Every structure is written in structure tokens, then in C-alpha cells.
Amino acid sequence: EKYNYGVVGLGVMGRNLLYNIADNGFSVAGFDLDEEKVIELKNGVAEGTKVIGSVSLEEFVIGLDIPRKIILMVPAGKPVDAVLESITPFLTPKDVVIDAGNSYFKDTERRIADLTSKNLHFMGMGVSGGEQGARRGPSIMPGGDLEAFNLVKPMLEVISAKINGEPCTAYMGKGAAGNYVKMVHNGIEYAIMQLISEAYDLLRKGANLNNGQLYEVFKKWNKGEMNSFLIEITRDIFKQKDDLTDGFLVDQILDKAGAKGTGKWTSEQAMEIGVSIPTIDIAVTSRILSAYKEERVQASQLYTKDEVGTTENTELFIKEVGDALYLATLISYAQGLALLVKASEEYQFETPLKDVVKIWRGGCIIRSVLLEKFYSAYTENPNLTNILLNKEISEIVKSKIKPLRNTASFAVSNGIPSLGIQTALGYFDAYTTESLPVNLLQAQRDYFGAHTYQRVDREGVFHAFWNNGNN
Ligand code: 6PG
């Protein structure tokens, strides 16, 4: 008897996704070159589920139902190409290969073209939710060939997270749309993480909160409108004791960030297709800056800072930092979603934004109750270019803008680094300004380079004779 699905790559994520599929009544075969991982897979099989593991690629492929449905859970980049190269000789026309890693969307486009020429289907599919998500219900962002998508859709719907009984998976569009949406998800993830870290810094420096108090603040935040996965895990981080000392673990962790590239790709993409996403950009560059630990230590000695003035009204301060974090987070989502709108046109993805926010409500790292409001906004107008233009969202924004300004001012006047908060506010101010001083910039461009300008009062393109020709 043949197996319904195949999973290639049995690391923690691969294994967990495989078990999740098996829990839902499908038989699943797993493959990994590493025999240890195959043994580990077999040891963890739940009773009543049908799972097999193999170290032979040929045996694995032959054991699958036709058309085969094979999910790749291997690291992005060369490993995906290596698997494709070794597996395609065993495949037969119409088989479907699904790459569920954080692959770069242009790699996916290339692979689609390559496999299509061999009469095979290739799909890029974003999966978010970490190890637990993969096991219990992730948010799944598939895209590409509709025929292939329809073959796997029922399975994706049962294994994904659910919100109000609705699956957190939907078709994200043509081509490499699945990977693109996941990439933007990660860009937003970077921004929110940056903002939460800044809020933490403000609370510990500006209000002298200790970890126990921070735990309480995040606990409270997570109960209301700020409820989200990232706020929830942050709450729990503050109560984690350290095994090696008698303090808290968070205080022993070196302040140097790592990154695997998806945030950087999001920024590069935004620059490439001309979308302004400064809070995501700043989150990427802040991780880079954090890595200059030694230089920062040197510079901090050269430029000693005045003692941070602590707030006089702790309760109000905490409330305002919370509102600032909420609004800056909203603005970060707005930037990421605006990038998706433009990318959908640029690459003809036809990504349904309404479904993007719908399936991000559960299972993924950036899930939050705020997404419910975005879902209503896109339900009302599926073609919304920027979430900030929605009436209901604008009411939220207006109610939090003062706290965001106050928090940003506090950070600036006390020298507390707050690139994310400042940038979210700066984006908002620029986006909501009718007349920017760019008239002057255009004049400069025309002055030194005859780059021309447009006028406010008439159509056409103009060039002026600046400074009587002495330029
Ligand atoms: C998810 C995460 C996941 C992974 C990121 C982290 O949605 O489950 O985004 O994909 O944790 O790749 O990326 P960095 O290592 O770049 O922070």
C-alpha cells in the first residue's frame, strides 16, 4: 500500500510537520539522508498513525501514491536544488513537489520553470509557527500552480491552525507568491520584534522596571487589544530563570542579533520595486548594528550618556509605551502589506490581501488580534492600497498617536535608541502629509542635473534656467 504524502528532510520542523499530517489521517513517508533522523522519526510515531521512514530516496519515491505529493523541509538555498536534482529522475509526470522552506522567491520562479519543463509541478509554500506550529497547526501560505494546489488543499486545511473554525491557509497567488508572502511575514516579524525590544528598553531604563514587573506589564498587554504571539512569548521570557547563575536568563544573553536573510530580502525587494517600508528596513539594519558589540562598547566610553531621567508617572508611562508599541506595530504591518499590494501587481501574483491577513490571524509568528481588524478592513475593500486609509483603522491610529509621539520624544531626549519607534512615527508623519518639501529637492535636481520637474498648476515636464545659467 502506498503512502499519501512524502516529506523530505526530517529535522525538527520536517518531523513535526510530518507527524501533524499523519495525525490528520494521512499516511506519510519521510526521507532523510541521515539515518539518525530516520530512527528518531520512527521512535516518535503516534499510535494509530501510518508513518514510514527511509534513507533510500528511490524507495521513498516509489512508495508514494501517484501523482506524488512531496513536501521539502530542507534549508533554503543549495540544499533545495540538491534535493531536486537527486529526486527528479525518480518522479513521473504530474507529480507535485512543494518547497515549504523559507526559499527566496526568485529561486522558486527558476525551479517552477525548470520542473514545468519536465512536466512536474513545483510549488513554493510559506510555513510559519516554529516547531510547535508545525506540530500543532501552522499558518500555511501556498502559491503557484492551481492544479497542484487543489491536490494538496484539503490536507493543508486540516493540518493548519484554525481561527473560528476557519483554516489558516489559503491560496496566496500565482508563481512564487507563497514564498513572497512568507518573506514579507518575516519582514514584519523583524519589525515587531525590534519594536518590542525598544519598548522593553524604555520600560527598564525610563521606569526602572525589573523582570518581574516587565512580566506583569506584558501579561496585562497580552490580555487586551495587544494580544499576540510575540507579546505572549516576551511575557514568558521575563520569568525564565537562568540555570547557570541565580538571575534571569534574559539578562545573560549577549546583545548581538543573528539573522537568516528573509528580513534583508524584504528590504531589498521593497527598494527594488519602490515601496517604502522603513520600519522593516530599520529592523534589519538594527540587527546588523547590534553585531558591532566591541565598537559599541568603545563608543559608549567615548560618548558617555547622561543618566536617563526616570518618569514621574510610571503608570502613565507604561500605558503610553504600550500604546506606542501597538501603533508602531500597526504601522509596520501597514508597510509590509503595502509591499504585498505592489508586488502582486509587479509580479502578477494576484495575491488576495484579504486572505493574507485572514490566515495570519492564527498559527504564525506575527499572529495578533489586530489582524482581525485588518481582515474586516480588507473584507470591506479588497483593493485597499494601505491599511492606514481604512476609516476604522484611522480611528485606532488617531487614538494612539499622542502616546507614540510622547514615547518617541522621551526616547530621543534621554538618548535611548529607538530606531523602530522613530521610524514608524516618521513614516506616519510623511505618509499623512499633503505637501512634502520635495518641491525643493526637485528644484535641486533640476538645477544641477536638468532632471526636470512637474508643476502643481499645470501638466507637463519642465526644466528651468537656474541662476541665469551659472550652474
Ligand atoms: C516563522 C519564522 C521562521 C524563522 C525565521 C527566523 O515564521 O516560523 O519566521 O521562519 O524563525 O526564519 O529568521 P531569522 O533567523 O532571520 O531571525
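Labelled according to an unreviewed UniProt entry, the chain appears under the name 6-phosphogluconate dehydrogenase, decarboxylating, originating from Chryseobacterium caseinilyticum. Listed in UniProt under the heading Pathway (unreviewed entry), the comment for the chain reads: "Carbohydrate degradation; pentose phosphate pathway; D-ribulose 5-phosphate from D-glucose 6-phosphate (oxidative stage): step 3/3." Of the chain, the UniProt comment under Catalytic activity (unreviewed entry) reads exactly: "6-phospho-D-gluconate + NADP(+) = D-ribulose 5-phosphate + CO2 + NADPH".

Draft legend 1. Representation of the pairing of strand 7 (residues 139-142) in the model. Here strand 7 shows no split at all, with Ser139 and Met141 on one side and Ile140 and Pro142 on the other all buried. Sheet analysis places strand 6 (residues 121-128) next to strand 7, joined by four bridges and oriented antiparallel. Pairing of Ser128 across the sheet is with Ser139, part of strand 7.

Draft legend 2. Local environment of the site of the ligand. Near the ligand you find 13 residues, and of these Ser128, Asn186, Ala259, Lys260 and Ile365 are the closest. Secondary structure elements with two or more residues in the shell around the ligand: helix 8 (177-206) and helix 11 (262-273). Looking at side-chain class alone, the shell around the ligand contains three nonpolar, eight polar and two charged residues. Taken domain by domain, the shell around the ligand gets at least three of its residues from each of domain 1 (5-171) and domain 2 (182-431).

Draft legend 3. Structural detail: the sheet that holds strand 5 (residues 96-99). The strand order across the open sheet built from seven strands is 3-2-1-4-5-6-7, with neighbouring strands paired in mixed fashion. At either margin of the open sheet sits one strand with a lone partner, and together these are strand 3 (51-54) and strand 7. Averaged over all adjacent pairs, the angle separating strand axes in this sheet is 25°, with direction ignored. Where strand 1 (residues 5-8) meets strand 2 (residues 28-31), four bridges bridge the pair, whose relative direction is parallel. Across the sheet, the residue bridging to Val8 is Phe31, located in strand 2. Taken strand by strand, helix 8 contacts strand 6 and strand 7, and its axis lies near 20° from that of strand 6.

Draft legend 4. Layout of the pairing of strand 3. When strand 2 meets strand 3, the two strands line up parallel, connected through four bridges. Note on strand 3: the bridge partner recorded for Phe31 is Ser54.

Draft legend 5. The arrangement of the confidence of the model for the chain in detail. In this model, the chain carries a mean pLDDT of 97, and residues with pLDDT of at least 70 account for 100%. Two summary scores accompany this predicted model of the complex, namely pTM at 0.97 and ipTM at 0.97.

Calculation criteria
- Residues numbered from 1 in each chain as written.
- Predicted model: local features only at pLDDT ≥ 70, side-chain atom pairs only at ≥ 80, totals over all residues.
- UniProt positions renumbered as here; feature names shortened; annotations may be inferred.
- Buried ≥ 20, exposed ≤ 12 C-beta atoms within 10 Å, placed from the backbone.
- Helix = DSSP H or I, 4+ residues; strand = E, 2+ residues; numbered from the N terminus.
- Pairing = 2+ DSSP bridges.
- Near = placed C-beta within 6 Å.
- Nonpolar A, V, L, I, M, F, W, Y, C, P; charged D, E, K, R; others polar.
- Domains from an automatic or database assignment.
- Axes fitted to C-alpha atoms, helices over the stretch in contact; angles between N-to-C directions.
- Contact = placed C-beta atoms within 7 Å.
- pLDDT = per-residue confidence, 0-100.

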